[in-house]
Amino acid sequence: CHQHRQAKFGIYPPLGDTSTRSGWPDSSVATPMMIIDRPFRCTIGCCCVLFNPPKAYTQIPIPNSNNDFEHPEDIPTNTIGAVELNWKWWNVCCCDFAFDIQ
């Protein structure tokens with residue numbers, strides 16, 4: 001699991017001049033329209049089996065929720081979908097990947 005970590009990405013409306021900034025904008029400036037959350041999962045391939053395949057969740061902020069959060073990553077959300085790698089035994093022989101949308 002060496003360098004694999006969790007990731008959380010916010011998708012924001014255009015905020016003007018953001019060419020010199022990176023990361024999450026201040027919560028007083030904007031809230032994200034959508035959040036992609038990929039939690040840490042220690043994916044292990046063993047012969048023809050893949051344990052803990054990668055999975056990502058699509059979330060939207062809860063409307064009219066209390067804006068009492070310290071970091072934008074802590075915004076209360078509803079999960080509207082997920083995508084998970086669907087590993088089959090024949091993926092060992094060819095580089096073909098399929099994903100399950102939930």
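Here is what the cut-offs are and how they apply
Residues numbered from 1 in each chain as written. Predicted model: local features only at pLDDT ≥ 70, side-chain atom pairs only at ≥ 80, totals over all residues. Heavy atoms only, no water. Patch = residues over 30% accessible without salt bridge, like charges linked within 9 Å, V, L, I, M, F, W, Y side chains within 5 Å. Areas by Shrake-Rupley, 256 points an atom, 1.4 Å probe, with all protein chains shown as cover. Salt bridge = Lys/Arg side-chain N within 4 Å of Asp/Glu carboxyl O. Helix = DSSP H or I, 4+ residues; strand = E, 2+ residues; numbered from the N terminus. Pairing = 2+ DSSP bridges. Axes fitted to C-alpha atoms, helices over the stretch in contact; angles between N-to-C directions. Contact = heavy atoms within 4.5 Å. pLDDT = per-residue confidence, 0-100.

Brief notes about a nonpolar patch on the surface
A cluster of nonpolar side chains, contributed by Val 83, Phe 97, Phe 99 and Ile 101, occupies part of the molecular surface with about 450 Å² of accessible area. By the secondary structure assignment, Phe 97 is in the loop between β6 (77-86) and β7 (98-101).

Quick look at the sheet that holds strand β2 (residues 34-38)
Strand order in the open sheet formed by 5 strands is β1-β2-β5-β6-β7, and the pairing between neighbours is antiparallel. What marks the edges here is a single partner per strand, and that holds for β1 (7-11) and β7. Pairs of neighbouring strands in the sheet enclose a mean axial angle of 20°, with direction left out of account. One ladder, built from 5 bridges, connects β1 with β2; its direction is antiparallel. Following the sheet pairing, Gly 10 is matched in β2 by Ile 35.

A few points about the environment of Ala 82
Within the element layout of this structure, Ala 82 appears in strand β6. In this structure the C-alpha to C-alpha distance between Ala 82 and Ala 56, which are 26 residues apart in sequence, comes to 5.6 Å. In this structure, Ala 82 is in contact with Lys 55, Ala 56, Tyr 57, Asp 100, Ile 101 and Gln 102, ignoring residues within four places of it in sequence.

Brief notes about the confidence of the model for the protein chain
Here the protein chain shows a mean pLDDT of 78. Residues at 70 or above account for 75%. Across the protein chain, element-level confidence peaks in strand β5 (residues 55-61) with a mean pLDDT of 91 and bottoms out in strand β3 (residues 44-46) with 80.

Things to note about the pairing of β5
Both β2 and β5 contribute to a ladder of 3 bridges, which runs antiparallel. When the sheet's bridge partners are listed, Ile 36 is paired in β5 with Thr 58. Both β5 and β6 contribute to a ladder of 7 bridges, which runs antiparallel. Looking across to β6, one finds that Ala 56 is bridged to Val 83.

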